[in-house]
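# Working through the structure, step by step
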Amino acid sequence: MRFLSVFAALWASLAVPVQALAAGGQRPIPNPQSATAEFWFLSASVGLLLALAAVHWLVARR
């Protein structure tokens, strides 16, 4: 068991400098939305609002 702890300490001391040399990651830049995607998002939003209005109207009738 003593050998295992010595091995773990040695491995940790060797792994830290290697991680320091790693290149930093770059965040991906998302592509802009196309006009078609914006149209479908608008139509889905309007459809959701109409569905919510219909549910409100049906519940208010009770």
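This section reports on the structure supplied with the text.

Criteria and thresholds
- Residues numbered from 1 in each chain as written.
- Predicted model: local features only at pLDDT ≥ 70, side-chain atom pairs only at ≥ 80, totals over all residues.
- Heavy atoms only, no water.
- Helix = DSSP H or I, 4+ residues; strand = E, 2+ residues; numbered from the N terminus.
- Areas by Shrake-Rupley, 256 points an atom, 1.4 Å probe, with all protein chains shown as cover.
- Phe/Tyr/Trp six-rings, centres within 6.5 Å; stacked < 30°, edge-to-face > 60°.
- Buried < 20%, exposed > 50% of the residue type's maximum accessible area, 1.4 Å probe, protein only.
- Lys NZ or Arg CZ within 6 Å of the ring centre and 35° of its normal.
- Patch = residues over 30% accessible without salt bridge, like charges linked within 9 Å, V, L, I, M, F, W, Y side chains within 5 Å.
- Salt bridge = Lys/Arg side-chain N within 4 Å of Asp/Glu carboxyl O.

As a further point, take the overall build of the chain. Each helix and strand counted, the chain has two helices and zero strands in total. Carbon and sulfur atoms provide 72% of the accessible area of the chain, an area that totals close to 6400 Å².

Our next topic: the packing of aromatic side chains. All chains considered together, the criterion is met by one aromatic pair. Plain terms: the ring middles of F39 and W40 are 5.2 Å apart, the flat faces sit at 70° to each other, and that makes the pair edge-to-face. Its relative accessible area of 47% is what places F39 among the partly exposed residues. Between R61 and the ring centre of W57, over which it is positioned, the NZ or CZ distance is 5.0 Å.

Okay, a nonpolar patch on the surface next. A cluster of nonpolar residues, L42, V46 and L50, forms a patch on the protein surface that exposes about 290 Å² of accessible area. As for its placement among the helices and strands, V46 is situated in helix α2 (residues 35–61).

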